[in-house]
Amino acid sequence: MPLSSRPTPQPGILDIAPYVPGKSGGPGRPAIKLSANESPLGASPAAVEAFAAAAQRLDIYPEGSSRLLREALGEVHGIDPALIVCGNGSDDLLHLIGQVYLGEGDEAVMNRYGFSVYPIITLATGAKIVMTEERDYTADVDALLAAVTPRTKIVWLANPNNPTGTYLPEAEVRRLHAGLRPDILLVIDNAYAEYVTAPDYRIGLDLVRASENVVMVRTFSKMGLAAARIGWMVGPPAIVDAINRIRGPFNVNLPAQMAGAAAARDTAFTARLKAHNAQWRDWLTGALQSNRLRVIPSQANFILVLFEDEATAARAFETLLAAGYVVREVAGSYGIGNGLRISIGSEAAMRGVADVLNSMMAGQ
Ligand SMILES: *Cc1c(COP(=O)(O)O)cnc(C)c1O
C-alpha cells in the first residue's frame, strides 16, 4: 500500500537548506580565495611528502582505525590514542555524533551565528535545532542554558566560532558544562584552536577527561590540509565506543592518514602559520576598523567585517571580486546580511583587500 509514488526522504531531510560553500573565483579570472579559511602558507612540506609516499600503496586498504595518525596526535597533544577517533574531515565526525545521539523528537541547541553545518546534521537525524540569541556576535551561555528542555540531547559549540571569530573563555565553557544535565552531550568544535592567542582560552581537554558528556572535535583543514579531509575527535571511552560502531570502517584514506600524522608532528610549521595569522589578523583588523566598518575581534584565521547595511556589504563583495579577491558572503547561510567574512591570507592579499575596501568606503 504505497503512500507515495516515489521514495520518500526521512522526516527533516527536506527541511535542510543545502550547505553553500564559499565561492572560488569570479567569472573567468583566477582569483585570490579568501572565502574558505584555508592556509595562506600551503601545507606542511613533511605532510606533502608523506602524502606522495602513500601513492605507492594505493592498492591496499588503509589501517581502519587510523592508528598511526591517532598515535601521532596522542604524542603531540598528550592524549591517550584510544580516546581519539579520526574522520574524513571533522564534518564526518560531527555527522556521526549527530547520528549516535539525536533522533526524532530530540532537540539540539546552538547559538544563532554558530557553524551552519550543525542545523544540517541535526535536521538530518529528525531532531529539531534550537537557536539562541547571542551577545554581540558571541555565544551567550545563559541563553544556551535557558534553551535546554527535557528533549535536549546535544549542545553544539564552535570555539572559536565560524563565521564570527569570537570565542568563549575557559570559565564560560565550564559554566556552560556545569549547567547541563549529565545526559546532554556538549560538542566543543575547536576547528580554529591552533590560531587562538587569547590567554584565557583552553581547548577543553580537561573537561573531556573529567566528564562523560563532553567531546572535542578538531580538523586539519584550516591548517593547510583542507583537500586531504582529516578530522579528529577526543571523547570519553563510552562515546568513542559508540562512534566507532557506526563509523565507516575505512573512513580516512591512507594518504590522508600519513599526511595528517606528518602534519601533526610538524609543530614548527603550525607555529609559523599561527604567527603569520596573528600578525595579519591584527593588521587587517586595524586597517579596516573605522567609524563606517566594524571588525568583530577574531581569534580564528578570518575576520567578520560588518558594513552599515546589506547593500554596502553586497557592493563590497562585488568590488573585491572585481579586484580579484573572493571573500565569503554570510547573508544567506548565516543570516548576517551586512557582513563579509574574510580569511587571513598572504601579506599582499591583506594589503590589497584593505586598499580596495578603504577606497570604496572613502569614495562613496
Ligand atoms: C571548517 C570547519 C569545520 C569543518 O572542517 P572539515 O574538517 O573540513 O570538515 C568544522 N567546524 C567549523 C566550525 C569549521 O569552521
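Residues numbered from 1 in each chain as written. Predicted model: local features only at pLDDT ≥ 70, side-chain atom pairs only at ≥ 80, totals over all residues. Heavy atoms only, no water.

Colleague: Describe the overall build of the protein chain, naming the residues involved and giving the relevant values.
Modeller: On a plain count of helices and strands, the protein chain comes out with twelve helices and 13 strands. In terms of C-alpha radius of gyration, the protein chain reaches 21 Å, essentially the compact-globule figure of 21 Å for 364 residues. Taking the principal axes of its C-alpha atoms as reference, the protein chain extends roughly 60 × 50 × 50 Å. When contacts within the protein chain are restricted to residue pairs at least 6 apart in sequence, those whose partners lie at least 24 apart make up 76%. Carbon together with sulfur atoms contributes 56% to the accessible area of the protein chain, which is approximately 15800 Å² in total. Counting 32 positive and 36 negative side-chain charges, the protein chain places the averaged centre of each group 2 Å from the other. (Helix = DSSP H or I, 4+ residues; strand = E, 2+ residues; numbered from the N terminus. Rg over C-alpha atoms; globule rule 2.2 N^0.38 Å. Contact = heavy atoms within 4.5 Å. Areas by Shrake-Rupley, 256 points an atom, 1.4 Å probe, with all protein chains shown as cover. Lys, Arg positive; Asp, Glu negative; His and termini not counted. Charge placed at Lys NZ, Arg CZ, Asp CG, Glu CD.)

Colleague: How would you explain the site of the ligand if you had to name every residue and give the values?
Modeller: The local shell around the ligand holds 13 residues, among which Asp189, Tyr192, Thr219, Ser221 and Lys222 are the closest. Here an oxygen atom of the ligand sits 2.7 Å away from a polar atom, N or O, in the main chain of Ser90. Side-chain polar atom of Asn162 to an oxygen atom of the ligand: 2.8 Å apart, as the coordinates give it. Here the ligand loses 92% of its free accessible area of 390 Å² to cover by the protein chains. At a threshold of 2 Å from the grid points, most atoms of the ligand map onto the largest pocket. No other element matches helix H3 (residues 89-101), which puts three residues into the shell around the ligand. Residues that form the shell around the ligand fall into these classes: four nonpolar, five polar and four charged. (Near = heavy atom within 4 Å. Polar contact = N/O pair within 3.5 Å; in protein donor to acceptor, adjacent residues only side chain to side chain. 1 Å grid on protein atoms, 1.4 Å probe; cavity = no way out; pocket = protein on both sides within 12 Å on 5 of 7 lines; lining within 4 Å. Sits in = over half its atoms within 2 Å of the grid points. Nonpolar A, V, L, I, M, F, W, Y, C, P; charged D, E, K, R; others polar.)

Colleague: Go over helix H6 (residues 170-178), please, and point to the residues and values.
Modeller: Here H6 has its buried residues at Val173, Leu176 and His177. The buried residues of H6 occupy one face: seen down the axis, they fall within an arc of 95 degrees. In H6, the exposed residues that point more than 90 degrees away from the buried face are Ala171 and Ala178. Packed against the buried residues of H6 are helix H5 (141-146), strand S5 (152-158), strand S6 (185-189), helix H7 (205-210) and strand S7 (214-219). (Buried < 20%, exposed > 50% of the residue type's maximum accessible area, 1.4 Å probe, protein only. Arc of directions from axis to C-beta.)

Colleague: So, the UniProt feature "domain: Aminotransferase class I/classII large" (unreviewed entry) in the protein chain: which residues are in play, and what are the values?
Modeller: With numbering aligned to this structure, UniProt lists the feature "domain: Aminotransferase class I/classII large" (unreviewed entry) at residues 31-356. Annotated as residues 31-356, this span is 40% helix and 17% strand, and its ends, taken at the C-alpha atoms, are 14 Å apart. (UniProt positions renumbered as here; feature names shortened; annotations may be inferred.)

Colleague: Tell me about the sheet that holds strand S13 (residues 339-343), residues and numbers included.
Modeller: If you walk across this open sheet you meet the four strands as S9-S10-S13-S12, and the pairing is antiparallel. If you trace the sheet from one side to the other, it starts and ends with strand S9 (294-296) and strand S12 (328-329), each paired once. Here three bridges tie S9 to strand S10 (residues 302-306), and the two strands are oriented antiparallel to one another. Of the residues in S10, the one forming a bridge with Arg294 is Leu306. (Pairing = 2+ DSSP bridges.)

Colleague: Tell me what's going on with unusual backbone geometry, and back it up with residues and numbers.
Modeller: Going from Asn159 to Pro160, the amide bond is cis rather than trans, its omega being -5 degrees. Relative to the helices and strands, Pro160 is located in the loop between S5 and H6. Geometrically, the link from Asn162 to Pro163 is a cis peptide bond, its omega value of 15 degrees lying close to zero. Within the secondary structure layout, Pro163 lies in the loop between S5 and H6. Phi is positive for Asn37, close to 60 degrees, though the residue is something other than glycine. Phi angles above zero are rare outside glycine, and Tyr137 is one such case at about 65 degrees. For Tyr137, the location among the structural elements is in the loop between strand S4 (128-132) and H5. For Tyr137, a relative accessible area of 18% corresponds to the buried category.

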